[in-house]
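Next come the chains, spelled out residue by residue.
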Amino acid sequence: MASPAQQLPPGWAAEWDQNAQRYLFIETATGRTQWEPPFPDPEGMNPAMAQAPSTSPPPQPSKRRQYAAGQTQAYYGADTMGPPAPSYGPGPGQPAQPSQLFTPGLANDGQFSQQQMGGQPGQAPYYVGGPQEPEYINASGFGQVPAYQPGAVDQLAGQFSQMGMGQQPAGLRLLTTNLLNAPPEPLELHRPPPAIILPPNAAVSNSPFSNSDSSYQRCTLNAIPTSNSLLSKVKIPLGLVITPYRSLNEGEEPVPLVTDTVIARCRRCRTYINPYVQFIDGGNRWRCCMCSMSNEVPQLFDWDQVRNQPGDRWARAELNHGVVEFVAPTEYMVRPPQPAVYVFLIDVSHNAIESGMVATATRTILENLDRIPNEDSRTKVAFIAYDVSLYFFSLPAGTTDSQMLVVSDIDDVFLPKPTDLLVNLAESRPAIEHLMGRLNDMFQENHIIGSAMGPALQAAFKLMSHIGGKIVTLSASLPSLGAGALKNREDPKVLGTSKESALLQAASPFYKTFAIECSRAQVAVDMFLFSAAYQDVATLACLPHYTSGQTYFYPAFNAGRTDDAIKFAHEFGEMLAMPIMLEAVMRIRASKNLRMSSFHGNFFVRSTDLLAMPSVPQDLSYAVEIQIEDNITAPFVVLQTAILHTTCYGERRIRVVTTALPTTSNLSDLFASADQVAIATLLANKAVERSLTHKLEDARDALFNKMVEILSAYKGSMTAAGAGASAQLAISENLKMLPVLTLGLLKNVGIRQSAQIPPDLRAYAQCLLTTLPPQTLMPYIYPAFYSLHNMAPECGTVGEQGIIMPKPLPLTSECLERHGLFLIEDGQTIFLWVGRDAIPQLIMDVFNLPSYEVLRGGKTTLPLLDNPFSQRVNGVIQKTREMRRGVYHPHLYIVKEDGEPPLRLWALSCLIQDRADVLPSYQQFVSQLRDKVNGSSY
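This report concerns the structure included in the present document. Every chain is numbered on its own, with residues counted from 1 as its sequence reads. Only residues with pLDDT of at least 70 are given local features in this predicted model, and only at 80 or more are side-chain atom pairs given and counted; all residues enter the totals for whole chains, interfaces and linings. To get the side-chain values, take all heavy atoms of the structure and skip hydrogens and water.

## Some remarks on the overall build of the protein
The criterion, for reference: Helix and strand definitions here come from DSSP, where helices need a minimum of 4 consecutive H or I residues and strands a minimum of 2 consecutive E residues; each element is numbered from the N-terminal end. In what follows, residue pairs with any heavy atoms lying within 4.5 Å of each other are defined as contacts. All accessible areas in this document rest on Shrake-Rupley with a 1.4 Å probe, and a residue is counted as covered only by the protein chains that are shown.
Helix and strand counts for the protein stand at 21 helices and 37 strands. Taking contacts inside the protein between residues at least 6 apart in sequence as the whole, the part at least 24 apart equals 73%. With an accessible surface of roughly 36,000 Å², the protein has 50% of that area assigned to carbon and sulfur atoms.

## Notes on the packing of helix 16 (residues 759-771) against helix 17 (residues 774-781)
We apply this condition: Comment: axis = line fitted to C-alpha atoms, over the contacting stretch for helices; angle = value between 0 and 180 degrees taken between N-to-C directions. Our angle categories are set so that under 35 degrees counts as roughly parallel, over 145 as roughly antiparallel, 65 to 115 as roughly perpendicular, and the remainder as oblique. All residues other than Ala, Val, Leu, Ile, Met, Phe, Trp, Tyr, Cys, Pro, Asp, Glu, Lys and Arg, Gly among them, are scored as polar; the first ten of these are nonpolar and the last four charged.
Relative to each other, helix 16 and helix 17 sit at 140°, their axes nearing to 9 Å. The pairing of helix 16 with helix 17 is recorded here as oblique in orientation. Contact with helix 16, carried on its side by Ala 765, Leu 768 and Leu 769, involves Leu 777, Tyr 780 and Ile 781 of helix 17 and no other residues of that element. Looking at the contact of helix 16 with helix 17 residue by residue, the class counts come to six nonpolar, no polar and no charged.

## Quick notes on the sheet that holds strand 37 (residues 891-896)
Selection rule: Paired strands, in this sense, are two strands between which DSSP finds at least two bridges.
Taken in spatial order, the five strands make up an open sheet running 31-34-35-37-36, and their pairing is mixed. Single-partner strands in this sheet number two, and they are strand 31 (784-787) and strand 36 (858-860). Pairs of neighbouring strands in the sheet enclose a mean axial angle of 25°, with direction left out of account. As defined by bridge partners, strand 31 adjoins strand 34 (residues 821-825) across four bridges and the pair is classed as antiparallel. Its bridge partner lying in strand 34, Ser 787 is registered against Phe 822.

## Some points on the packing of helix 13 (residues 676-693) against helix 16
What counts is decided by this rule: Crossings are assigned a handedness: left-handed for a near helix turned anticlockwise from the far helix by less than a right angle, right-handed for a clockwise turn.
Relative to each other, helix 13 and helix 16 sit at 140°, their axes nearing to 8 Å. It follows from the interaxial angle that helix 13 and helix 16 lie oblique. Every pair of crossing elements has a handedness; the one defined by helix 13 and helix 16 is left-handed. Here helix 13 contributes Ala 684, Asn 685, Val 688, Ser 691 and Leu 692 to the contact with helix 16, which in turn contributes Gln 766, Leu 769 and Thr 770. Looking at the contact of helix 13 with helix 16 residue by residue, the classes come out as four nonpolar, four polar and no charged.

## Quick notes on the pairing of strand 35 (residues 829-834)
We apply this condition: The cut-offs for exposure are 20% and 50% of the maximum accessible area for each residue type, with area from a 1.4 Å probe on protein chains only; residues under the lower value are buried, those over the upper are exposed, and the others partly exposed.
The element strand 35 is extensively covered by neighbouring structure, given that six of its six residues are classed as buried. Burial along strand 35 is two-sided: Thr 829, Phe 831 and Trp 833 and Ile 830, Leu 832 and Val 834, pointing in opposite directions, are all buried. In this structure, strand 34 lies alongside strand 35, joined through five bridges in antiparallel fashion. Across the sheet, residue Glu 825 finds its bridge partner in strand 35, namely Ile 830. A loop of three residues connects strand 34 with strand 35, the two strands running antiparallel in sequence, and Gly 827 in this loop sits at a positive phi of about 85°. Judged from the six bridges that link them, strand 35 and strand 37 form a sheet pairing that is parallel. What sits directly across from Leu 832, in strand 37, is Ile 894.

## Things to note about the packing of aromatic side chains
Heads up, the condition is: Two aromatic rings from Phe, Tyr or Trp, using only the six-membered ring of Trp, form a pair when their centres are within 6.5 Å; if the ring planes differ by under 30 degrees the pair is stacked, by over 60 it is edge-to-face, and anything between is tilted. Throughout this description, the term charge over a ring refers to an Arg CZ or Lys NZ atom that lies within 6 Å of the ring centre and within 35 degrees of the ring normal.
Counting across every chain of the model gives 31 aromatic pairs. Their ring planes at 15° and their centres at 6.4 Å tell us that Tyr 342 and Phe 344 sit as a pair that is stacked. By relative accessible area, Tyr 342 is classed as buried at 0%. Under the relative-accessibility criterion, Phe 344 is labelled buried at 1%. Consider the rings of Tyr 554 and Phe 557, whose centres lie 6.4 Å apart with planes at 75°: the pair is edge-to-face. In this structure Phe 557 comes out as buried when scored by relative accessible area, which is 5%. In textbook terms, an aromatic cluster arises when at least three aromatic residues are bridged by ring pairs, as seen for Tyr 342, Phe 344, Phe 383, Phe 528, Phe 530, Tyr 552, Tyr 554, Phe 557, Phe 568, Phe 572 and Tyr 888. The ring centre of Phe 301 lies 4.4 Å from the NZ or CZ of Arg 316, which sits over that ring. Taking NZ or CZ as reference, Lys 896 lies 4.4 Å from the ring centre of Tyr 852, over its face.

## A look at the side chain of Ser 531
The following threshold applies: Pairing of N or O atoms within 3.5 Å defines a polar contact, subject to two protein rules: one partner must be a possible hydrogen donor and the other a possible acceptor, and residues neighboring in sequence count only if both atoms are side-chain atoms.
Within the fold, Ser 531 resides in the loop between strand 21 (523-529) and helix 9 (537-540). Ser 531 sits in the buried class, given a relative accessible area of 6%. Within polar-contact distance, the side chain of Ser 531 engages the backbone oxygen of Ala 533 at 2.9 Å.

Any link to function would need more than the numbers given here.
Have a look at this one:
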């Protein structure tokens, strides 16, 4: 039977949601989205799973292997056709179980009632979603993604339709939930943000893409308050989260490109024409949606220059798409598009050579030379090595010769040769390959300890400042000589005190001053940091911060550990292959009476609203706070981000991201339209900034108090309790994950209260909190948690939409079972938690070891063995890495339940709903919030 995506009524389309692993249904006329199919579903099943009529027999899980404690055999449901199932004996001292043992996930007769009761005696309870929560099963017991039971599906569909995701509502309906008895549900974070319900005919086309996708730009409120006083009542910060250059996963449509260089802009406010303008005067003029100025339509706007004949205006991409890119004409260029330039600064001191960093880096560059963007054969590269001196390399074109030139005067840096230092990648390829092959050997016996990184940066700047480009710095020790020399300021006595935030601020003004010089010359800096000792990440991260680069940190890197070498080589190689946007400037425009008040992210603010970005990597996120200056009378507002840039292929372009949002004077609409993911992203940026300008404690207090404010505002305006005390803690359904996201932020390494976190690790965590896009930031503050030993049989196998994932569990150790195998990941690290009672067959199938006792914890690469379960576990890990946008390749750690305490505590710290050290559990946290809300006067 065909899937629902192939049986749609006219006017509907289906799009596979990679994160939720299910179909999202889109009404093409209005752009509204919903999870449920747009037709009655007699099975009450998730549309992504309704692949067969109800009369179909349940799937034969003949290849399923269950690893439950105390089993005398692996149970295969009602399968009586095949040979006897393989036997997995009970652990030491464990009694055999009766043959009707409940196995979670298998669909036997009467099994659903057993599942709701928590299984048979003798089996660890199968925890899903918390006590009394509906189990995520479909009619056949399994599905590509978790789905509510039939009754819950109808209820959920009704809720979504009230929120604007089902039948067309007059406005957003507000649904209230009590946080005290509604445990966090991880799947909530995969749902789309609340629907944007614009007035009829707001857009000039019926295109479902006329509003930008939330992965490019999302607002904390999908309905804008008409006055600042209304915004202050709701207490939700108004802001925009922008990821203008997000990477494309396989199957995703690229951003439409307008190649005819006909660009229509408002004469007054310079807004780019978009789907929300109005055409007047018989279509000869258009009225700006920002400032209402009347503008002429360009003569060639309705002309097809390719066919040299009249064109269809309504087919133009800029009138149908919220995200579009223009090829810029010459008037958008201060100078001709410059080539991409990469200058590599490679630390060759004793520490760098000894750790294997130099060998791994040069081998990675060599292997990725063909992946460096160079479509127009103009890309230039240079290599400078440094310890206490600088080593330049002359790379003449067309030969394999390279000459090393040593500059030991680091106080007055100069270039030792006018030519052949910055060379064309294609023309000097033989010399580059030869140098990369022997650079490590040249310094193999180097016993010099010390780093003149500052002078090396100055030399790179002299080499490339007339063009611009990217400085890629690899450093294995604290800069100790010349400009920018730093001292070890790590002091364990300061950690956990009010003075700790000083360690997160730059120690030397050199780095910010130099970064601003770089920004003016269109030079970006990326930092790859490898030191086993203190390296002052907080200071060195200044360079990427102000030049729109990125910081990568590999503490105690040792290429002798295969996993360290693989992680660095993967991330470094992906960075080299990444398309970059050069010489970029970004400006955000908004409708009348809205103003961008503050900016967060990696850039330099050149003027009040112009952000300078010498090089824009993919998947870097920016957060902007918006202020309402005066009352808004328009029925909707428009927010438009425009980024002028040069592609790494030498073409000047403008990417324009447009979002239209309705206005409202109704408090309930504001709460119902709030986007909890965007709010959490903005709060993360604000918390990091506050920890630097004030103290870490102030940042934590600000997060907690903001949550109290939002809950107090909701209670005072939206519930019967008003300002009085209440036994409940009410919030709108669409914000019910915000408290646990706030708790995740409070427990994140970048913000957490602790005297044990080294300043380098904290500073790096803060870099991630302020640069990761929402899709990657959410797992970083609310990790993914899966049970692998009893996952459904298709999990880890390849379905129509790639590898099928298990259902996520709530982040609490209540879900851990002593006989189980669990995966916890936050986008940066993957933990495989192995229970102490795991049966030997599971250990053999996954790790190729005879028993739990011989299994070693720690960093590892999981073997791919010749058995279905090993292949499925490896499939889940592979899919976990693929799902996260960006270059990161998480380390995999095996964590034994009774293994090394530091590793156990690290893995358990990801289970943020548990109590940890001085930090509360989720239940304690919401109780604290309720007490504070009841005690505060609204």
